[in-house]
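Coordinate analysis (summary)
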Amino acid sequence: MPIEFKNNKFHLYNDKISYAFEIGADKDILGIHFGGRIIADDVNEEKYSAKSFQCVKMLEGAAYRLGVFNSDYPTATTPDFRIPAFEAEVKSGKNCFSFKYKEHKIIKGKPEIVGLPAVYTENENEAETLILTLLDADSGIEIDLHYSVFNDFAAICRHSVIKNTGSDRVIIKNAQSISLDKPAGKYDYIHFPGSWAREKQLRRHPVHEGEQGFESRVGSSGNIENPFMVFCDRNADENIGEAYGLSLIYSGNHKFTIECGEFEKPRIQAGINPFMFSWSLESGEEFSTPEAVMVYSDEGIGGMSRTFHRLYRSRLCRGKFKEAVRPILINNWEATYFDFDMHKLIGIAEKAAAIGIELFVLDDGWFGKRNSDTCSLGDWYANEEKLGGTLKTLAEEINKRGLEFGLWFEPEMISEDSDLYRAHPDWVIGFPYGLELQGRRQHILDFTKKEVRDYIVDTISAVLKSANITYVKWDKNRHVTTPYSNSLPADKQGEFYHRNVLGLYDVMERITSAFPDILFESCSGGGARNDAGMLYYMPQTWISDDTDAVMRQYIQYGASLVYPVSSFGSHVSAVPNHQTGRVTSLSLRGTVAMNGAFGYELDLTKQTEEDLNKMKEHVEFYKAERELVIGGDYYRLLSPYESRYSSWMYVSKDKNEALVYYAVTTVLPNNPIVRLKLRGLDKNKYYTLNGRRYSGKTLMNYGLDMNLEDIQRECFIWKLKAE
Ligand code: GLA
């Protein structure tokens with residue numbers, strides 16, 4: 001049983017991790033440890049501490065100083081003056097609380113969180129869940145703390161459920177999903193700031209005294225900060241040291257905080273951003289926070305990533321594509337933008353079929369009267385005049401050429417110049433305020449309203465039923481600016497951001513479950529909503545509009561810290577690159593794009609025969625190796641953030657096959673020799689590579705010397721096979 005309760009201590013464990021905390025003398029929940037496996041009974045930390053400027057409670061004749069202990073869910077207005085995980089007010093005006101342990105239960109498996117995405121189990125023997133209830137006796141507020149531990153993953157999932165069992169209305173101001181105190185030490189944290197076309201840029205900082213962290217206030221997880229953080233020992237690197245990853249399974253405003261206070265013990269929290277947030281609970285109502293997943297690794301940051309990859313691929317993503325190889329696609333966006341007709345599309349599809357591409361994706365511009373980004377979002381019916389027929393006919397024409405057919409939507413959006421807006425201007429977020437603020441000339445539909453959600457589910461479903469569509473790209477191209485819904489009363493406007501995210505989850509759940517055979521890829525101007533919440537509904541993400549083969553190395557590296565490579569939409573596009581203007585070789589573009597769900601996004605009718613032949617080679621190579629790319633264990637070898645090149649590899653489960661990728665970010669003449677130390681192989685096996693035989697030991701301990709010719713190349717992919 002991976003959860004034990006003994007001597008007032010809870011111990012959640014498996015072979016790799018322990019998560020321990022206890023019920024303190026005053027019935028507080030005091031943290032003990034999250035990290036490598038321990039014997040919880042051995043720990044006996046002093047709970048009555050020395051003199052300090054603390055507020056104390058005298059218990060058994062000794063001063064009990066809550067403010068210096070580790071807490072597992074600190075609430076405001078106690079002697080613990082560090083950042084609280086929970087703040088609220090009750091209608092009567094009382095906002096001081098004293099939450100104490102009430103009861104707990106341990107159950108098999110992991111219950112779902114209704115309405116929110118979460119990690120799941122496929123059978124109840126995979127995990128156990130502890131639900132521990134805290135009670136503030138005066139107000140009747142209860143907080144259920146949920147902790148799940150798996151047999152096979154070095155991960156803990158946490159969230160909390162706030163229940164109003166009193167008679168007064170409760171207004172939640174802040175309810176974090178996780179709070180964790182670490183012992184004093186030297187730590188770093190890593191986050192992933194960015195913007196459009198340069199998402200998920202890895203940045204590492206020393207943890208210092210005071211508050212630090214990052215957040216999103218754009219209404220979704222956003223491209224400015226990703227809802228993921230690494231917290232690690234100062235000396236941890238890719239392969240060694242202790243690293244913790246904290247990922248929030250949520251697509252709305254998030255906040256990640258580390259506070260290192262007077263006793264130098266960092267407190268780490270993640271959850272819904274309290275920015276403009278409040279939530280009213282009437283008597284008998286409850287509120288669930290999103291789930292936070294914390295992974296521990298004693299094999300550096302790389303080990304942490306591999307745990308996230310396995311967990312998210314197999315127990316967060318759902319449906320038939322979650323671990324399946326993906327069709328190689330051609331997307332017409334950068335090939336044609338809005339300027340296409342049936343003839344042009346078929347021309348591209350024919351070229352695509354000839355080089356072995358499997359799926360044709362028709363991007364923006366197929367509906368309403370949309371020939372630019374100024375109109376028609378919301379009018380989800382085909383522009384038959386432009387297409388030269390119905391979607392059904394187009395799909396059939398594409399199918400006849402041996403390709404599947406996929407379609408772009410932006411279901412959450414509405415253009416002012418649209419039939420939908422003319423009929424329902426009040427369906428827009430903010431209406432009647434803030435309408436002068438547009439992003440890409442569009443507004444956002446108010447998904448807090450059921451009638452809006454029903455309309456979108458019905459219209460999108462009708463399109464999906466109308467033709468043989470096997471893939472959907474689900475886009476979202478602006479941030480939220482006026483977080484107001486005319487359907488909510490004045491004292492509930494603080495609920496808007498979160499209700500809108502819940503509305504989105506409802507819509508996605510209904511559509512994706514009604515079309516289980518469609519592969520869904522999420523997108524938000526590229527990676528402005530590249531988060532674990534979206535992966536629950538859609539196993540693939542267009543992680544950036546930036547397809548430049550140099551920038552992509554940084555973006556893919558950053559994203560790979562937490563999200564499985566299987567979820568990355570990754571395309572070869574034209575040069576000069578449309579985002580950066582950079583010209584890179586087709587080899588470099590192909591090498592970088594053949595990671596994750598590979599595809600093309602350029603006008604194939606304009607390519608030279610030589611380039612088409614090269615693409616055909618790439619397509620054939622990817623088809624032969626994609627199982628390894630989608631399902632293999634991923635090892636980062638060289639970081640583009642630390643050198644002029646990047647290198648990474650995939651290793652099969654049985655360690656009999658591996659692919660080693662190498663790509664440069666900057667071409668340098670007279671390059672020094674690089675030796676690539678491989679990872680993840682079997683040290684007792686022999687591998688062949690380029691006709692030579694190497695022992696796994698040598699490849700991992702000495703490495704592979706790149707020869708003079710290799711070192712002058714921009715990129716290569718090597719295949720290793722065990723004898
Ligand atoms: C966004 C997406 C692009 C493309 C355009 C279409 O920017 O990220 O890939 O689909 O919208 O308008």
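Check the entry above for the structure.
1. Side note on the overall build of the protein
Looking only at helices and strands, one finds 14 helices and 40 strands in the protein. What you see for the protein is a C-alpha radius of gyration of 26 Å, in line with the 27 Å of a compact globule of 723 residues. Overall, the C-alpha framework of the protein stretches about 85 × 70 × 45 Å when taken along its three principal axes. For the protein, with 723 residues in total, the buried portion stands at 64%. Within the protein, contacts between residues separated by at least 24 positions form 69% of all contacts whose residues are at least 6 apart in sequence. For the protein, the exposed surface amounts to about 26,500 Å²; the carbon and sulfur share of it is 49%. Computed over 85 positive and 102 negative side-chain charges, the separation of the two mean positions in the protein equals 3 Å.

2. A word on the site of the ligand
Taken together, 13 residues lie near the ligand, and D363, D364, R440, K473 and D545 sit nearest. The contact in question runs from an oxygen atom of the ligand to an N or O atom on the side chain of R440, over 2.8 Å. Take W542: an N or O atom from its side chain is 3.5 Å from an oxygen atom of the ligand. Protein contacts shield 96% of the accessible area of the ligand, which totals 310 Å² for the unbound molecule. When its residues are assigned to classes, the shell around the ligand shows four nonpolar, three polar and six charged.

3. Section: the sheet that holds strand β30 (residues 540-542)
Picture the strands of a sheet paired through backbone hydrogen bonds; they go either parallel or antiparallel. Pairing within the closed barrel is parallel, and its eight strands lie in the order β23-β24-β25-β28-β29-β30-β31-β32. Across the sheet, the mean angle from the axis of one strand to that of its neighbour is 30 degrees, orientation sign disregarded. In terms of strand pairing, strand β25 (residues 404-409) meets strand β28 (residues 471-474) through four bridges, oriented parallel. Among the inter-strand pairings, F409 is bridged to a residue of β28, identified as W474.

4. Notes on the side chain of T133
Position of T133 relative to the elements: it lies in strand β9 (residues 127-136). You can call T133 buried: its relative accessible area is 6%. The residues touching T133, leaving out its near neighbours within four places in the chain, are K100, Y101, K102, E103, E142, I143 and D144.

5. As for the pairing of strand β7 (residues 86-90)
Across a regular strand the side chains alternate sides, sitting on one face of the sheet and then on the other. In β7, alternate side chains face the same way, and those of F86, A88 and V90 are buried while those of E87 and E89 on the opposite face are not. Relative to strand β12 (residues 170-181), β7 runs antiparallel, the two being bridged by five bridges. Among the inter-strand pairings, V90 is bridged to a residue of β12, identified as V170.

6. Looking at helix α10 (residues 551-560)
Taken across its ten residues, α10 has ten buried, putting it largely inside the fold. Every buried residue of α10 is listed here: M551, R552, Q553, Y554, I555, Q556, Y557, G558, A559 and S560.

7. Focus: the environment of L678
Tracing the backbone shows L678 in the loop between β36 (675-676) and β37 (686-689). For L678, a relative accessible area of 0% translates into the label buried. In the structure, L678 is positioned 414 residues away from E264 in sequence and 38 Å away in space, judged by C-alpha atoms.

8. Description of unusual backbone geometry
Only a minority of non-glycine residues have a phi that is not negative, and only a minority of peptide bonds are not trans. Here F431 and P432 are connected by a cis peptide whose omega angle stands at 10 degrees. Of note, P432 is situated in the loop between α6 (419-423) and β27 (442-444). At the junction of V575 and P576, the peptide bond is cis and its omega measures out at -10 degrees in the coordinates. Position of P576 among the secondary structure elements: in the loop between β31 (568-573) and α11 (586-593). Of note, the phi angle at K655 is positive, near 60 degrees, even though the residue is not glycine. Here K655 shows up in the loop between β34 (645-651) and β35 (657-664). Although it is not a glycine, N690 sits at a positive phi angle of roughly 45 degrees. Mapping N690 onto the fold places it in the loop between β37 and β38 (692-695).

9. Quick look at the environment of L504
With respect to the helices and strands, L504 occurs in helix α8 (residues 496-514). Owing to a relative accessible area of 4%, L504 belongs among the buried residues under this scheme. It is 51 Å that separates the C-alpha atoms of L504 and P672, two residues lying 168 residues apart in sequence.

10. Some words on the side chain of K182
Tracing the chain through its elements places K182 in the loop between β12 and β13 (187-191). Polar contacts involving the side chain of K182 include one to the main-chain carbonyl oxygen of F34, which spans 3.1 Å. Residues contacting K182, with those up to four places away along its chain left out, are F34, Y187, F231, Y244, K265, P266 and I268.

11. Some thoughts on the environment of S98
Here S98 lies in the loop between β7 and β8 (100-108). For the pair S98 and A137, spaced 39 residues apart in the sequence, the C-alpha separation amounts to 7.7 Å. Once residues within four sequence positions are removed from consideration, S98 is found in contact with L135 and D136.

12. So, the pattern of salt bridges
Throughout the structure, instances matching the rule amount to 57 salt bridges. Taking the shortest distance from any N to any O, the salt bridge between E350 and R401 comes out at 2.7 Å. Placement of E350 in helix α3 (residues 342-354) and of R401 in the loop between α5 (391-400) and β25 is noted, with a sequence separation of 51 residues between them. Residue classification places R401 among the partly exposed positions, given a relative accessible area of 27%. The salt bridge involving K450 is made with D454; its shortest N-O contact spans 2.8 Å. Remark: D454 and K450 occur in helix α7 (residues 450-466); sequence separation between them is four residues, near one turn of the helix.

Conventions adopted
Residues numbered from 1 in each chain as written. Predicted model: local features only at pLDDT ≥ 70, side-chain atom pairs only at ≥ 80, totals over all residues. Heavy atoms only, no water. Helix = DSSP H or I, 4+ residues; strand = E, 2+ residues; numbered from the N terminus. Rg over C-alpha atoms; globule rule 2.2 N^0.38 Å. Buried < 20%, exposed > 50% of the residue type's maximum accessible area, 1.4 Å probe, protein only. Contact = heavy atoms within 4.5 Å. Areas by Shrake-Rupley, 256 points an atom, 1.4 Å probe, with all protein chains shown as cover. Lys, Arg positive; Asp, Glu negative; His and termini not counted. Charge placed at Lys NZ, Arg CZ, Asp CG, Glu CD. Near = heavy atom within 4 Å. Polar contact = N/O pair within 3.5 Å; in protein donor to acceptor, adjacent residues only side chain to side chain. Nonpolar A, V, L, I, M, F, W, Y, C, P; charged D, E, K, R; others polar. Pairing = 2+ DSSP bridges. Axes fitted to C-alpha atoms, helices over the stretch in contact; angles between N-to-C directions. Salt bridge = Lys/Arg side-chain N within 4 Å of Asp/Glu carboxyl O.

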